[in-house]
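Residues per chain, in single letters:
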Amino acid sequence: MFNKSYQLLPQRDSTTPRTPGLFVSADNFTQPGYHKGLSFDYIPNVSENDFSDTSQGWLSWICNLIVIFLVYVVTFVTFPITGWFVLKTVPNYQRIVVFRLGRVCPPKGPGIVLVLPLIDQWQRVDLRTRAFNIPPCQVTSRDGGVLSVGADIQFRIWNPVMSVVSVQDLNASTRMTAHKALTHSLAKKTVREIQTERVKLGDYLGMDINEMTRPWGLEVDRVELTLGSLLKAPEEGPSGPLIMPPSVPGLEGLTGPIQQLAMHFLGHSSSSHPQQEDSVTFADELSSVPQAVGTTPGSVEELLDGVKLLLSETLVKQVEASFQFNISSEDGQHRSYYVDLSKGSGTAGAGSFCQEPDVTLSMSDSDLLAMFQGTLRPFAAYTSGRLKIQGDVKTAMKLEELIRLLRK
């Protein structure tokens with residue numbers, strides 16, 4: 001007994017292709033015996049409703065029959081009393097998985113179910129569709145960009161027995177598997193592909209997750225990617241730098257150029273004054289030719305003098321934030337400026353702000369001048385990597401109000 005050595009359970013062959021959709025064809029995935037060699041091969045073939053257990057010997061089989069027969073007799077003899085304990089009501093959206101003397105039985109329900117006392121252990125399984133979300137995480141794309149990407153996932157249990165006997169914590173295992181598949185799949189795509197093809201990528205990601213969770217009796221119905229901010233711009237390709245607009249619900253199915261055009265006009269309308277929502281201005285966000293500039297400051301100091309003339313209590317009520325500008329020039333010099341629009345009539349000047357600013361913006365002096373001249377919009381500079389923001393991005397975009405007043 002003690003001399004018998006333990007043998008490892010058979011594991012999956014690492015050389016066998018695993019993933020459909022993005023990486024493996026569906027034909028290989030549906031081959032018979034594809035999931036053979038897993039560490040839970042001792043489980044009966046419940047996916048095909050075959051609950052026969054060939055590992056049980058004839059002596060064990062006879063003992064089980066005797067014990068089950070005696071429990072049935074005692075249960076029916078004392079039925080008025082035991083009926084309160086052995087009869088379970090199962091709704092239509094649930095099933096009961098029963099282990100009788102340690103061996104799994106076919107799922108029971110819906111309706112009235114008989115569970116024998118002492119020898120039956122049972123567990124309810126909910127078959128309704130459930131959902132969870134993957135919090136936004138940093139994903140490095142194939143072209144070197146870093147994005148904040150999350151996902152909303154809907155799933156359901158299609159085999160209650162496999163969901164109980166194949167995995168200990170189904171919810172935690174599914175979350176970990178979905179997170180790993182998300183980062184692994186998107187790492188093979190560029191920033192442009194992730195932004196413009198996220199509906200297709202969500203379908204492929206659902207196939208990848210299904211391949212890993214199907215042996216657990218779980219099936220993913222829908223995966224919807226949620227794109228956050230672009231943390232690091234991708235490396236410049238032959239066609240120049242890539243500028244990707246932030247994600248907006250309702251534009252997921254559009255192609256790349258059409259989506260960028262729609263985002264262009266949505267960006268203008270969101271940054272305009274409420275009384276001017278019905279006007280559309282056709283302008284190139286990165287054009288080197290100004291469209292409508294009243295006075296063109298030639299340096300940051302002249303720009304700062306123009307900002308001081310615009311300070312007012314009305315502007316402070318609209319913005320209610322303080323900004324610190326870290327400006328670098330072409331000759332390698334670094335200078336700091338601040339604009340305080342959080343109290344009073346506001347202040348502006350050179351140097352560091354005396355308190356902790358709400359937002360710190362780092363850029364070159366040419367980009368700062370272009371931004372206040374109207375040839376470079378803040379969100380375009382941010383998504384292209386020319387503007388680095390420390391703090392709340394939404395608060396930083398309030399600079400649009402100051403820029404609008406300066407251009408007047």
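Residues numbered from 1 in each chain as written. Predicted model: local features only at pLDDT ≥ 70, side-chain atom pairs only at ≥ 80, totals over all residues. Heavy atoms only, no water.

### Looking at the overall build of the protein
Working step 1: Looking only at helices and strands, the protein features 14 helices and 13 strands.
Working step 2: Counting over 408 residues, the protein shows a buried share of 41%.
Working step 3: With an accessible surface of roughly 23,600 Å², the protein has 55% of that area assigned to carbon and sulfur atoms. (Helix = DSSP H or I, 4+ residues; strand = E, 2+ residues; numbered from the N terminus. Buried < 20%, exposed > 50% of the residue type's maximum accessible area, 1.4 Å probe, protein only. Areas by Shrake-Rupley, 256 points an atom, 1.4 Å probe, with all protein chains shown as cover.)

### Points about the nonpolar core
Working step 1: Counting 34 residues, the largest nonpolar core has Ile153, Leu182, Leu186 and Ile209 as its most contacted members.
Working step 2: At the level of elements, β6 (130-140), β7 (146-157), α4 (160-165), α5 (170-186), α6 (191-196), α7 (198-213) and β8 (218-232) are the ones that each hand at least two residues to this core.
Working step 3: Leaving out residues up to four positions away in the same chain, leucine 186 has contacts with Val139, Thr140, Ser141, Val149, Ile194, Leu201 and Leu225.
Working step 4: Judged by nonpolar contacts, the second largest core, of 33 residues, contains Val300, Leu315, Ala348 and Ile389. (Core = buried A, V, L, I, M, F, W, Y, C linked by side-chain atoms within 4.5 Å. Contact = heavy atoms within 4.5 Å.)

### A short note on the side chain of serine 163
Working step 1: Tracing the backbone through its elements, the reader meets serine 163 in helix α4.
Working step 2: For serine 163, a relative accessible area of 6% corresponds to the buried category.

### A word on the sheet that holds strand β2 (residues 94-100)
Working step 1: Here we have three strands laid out as an open sheet, ordered β3-β2-β5, and antiparallel in their pairing. Pairing within the sheet leaves two strands with one partner each, and these edge strands are β3 (103-104) and β5 (120-126).
Working step 2: Across two bridges, the pairing between β2 and β3 is antiparallel. Across the sheet, the residue bridging to phenylalanine 99 is valine 104, located in β3. (Pairing = 2+ DSSP bridges.)

### Describing the pattern of salt bridges
Any two side chains of opposite charge can pair, given that their charged atoms come close.
Working step 1: The final tally for this structure, using the stated rule, is six salt bridges.
Working step 2: The residue glutamate 219 makes a salt bridge to arginine 156 at a minimum N-O spacing of 2.9 Å. Here glutamate 219 is found in strand β8, whereas its partner arginine 156 is found in strand β7, with 63 residues between them in sequence.
Working step 3: Classification of glutamate 219 as partly exposed rests on a relative accessible area of 25%.
Working step 4: A relative accessible area of 29% places arginine 156 in the partly exposed class.
Working step 5: Residues joined in a network through salt bridges with shared partners are Arg156, Glu219 and Asp221. (Salt bridge = Lys/Arg side-chain N within 4 Å of Asp/Glu carboxyl O.)

### Considering a nonpolar patch on the surface
Working step 1: Together, Trp58, Leu59, Trp61, Ile62, Leu65, Ile66, Phe69, Leu70, Val73 and Val77 line one region of the surface with nonpolar side chains, adding up to about 1,100 Å² of accessible area.
Working step 2: Mapped onto the elements of the fold, isoleucine 66 is located in helix α2 (residues 58-77). (Patch = residues over 30% accessible without salt bridge, like charges linked within 9 Å, V, L, I, M, F, W, Y side chains within 5 Å.)

### What to know about the pairing of strand β10 (residues 334-341)
Working step 1: Pairing of strand β9 (residues 321-328) with β10, which is carried by eight bridges, proceeds in the antiparallel orientation. In the strand pairing of β10, alanine 321 is matched with leucine 341.
Working step 2: Joining the antiparallel neighbours β9 and β10 is a turn of five residues, in which glycine 332 adopts a positive phi near 90 degrees.
Working step 3: Pairing of β10 with strand β11 (residues 347-350) involves four bridges; the strand directions are antiparallel. Across the sheet, aspartate 340 pairs through a bridge with threonine 347, a residue of β11.
Working step 4: Once β10 ends, the chain turns through five residues before running back antiparallel as β11, passing glycine 344 with a positive phi of about 60 degrees.

### Overview of the packing of α2 against helix α3 (residues 79-86)
Working step 1: Across the interface, α2 lies against α3 with an axial gap of 6 Å and an inter-helix angle of 115 degrees. On the basis of the axis angle, α2 is roughly perpendicular to α3. Contacts between α2 and α3 pair Thr75, Phe76 and Val77 from the former with Phe79, Thr82 and Val86 from the latter.
Working step 2: Class assignment of the residues belonging to the contact of α2 with α3 gives a composition of four nonpolar, two polar and no charged. (Axes fitted to C-alpha atoms, helices over the stretch in contact; angles between N-to-C directions. Parallel < 35°, antiparallel > 145°, perpendicular 65-115°, else oblique. Nonpolar A, V, L, I, M, F, W, Y, C, P; charged D, E, K, R; others polar.)

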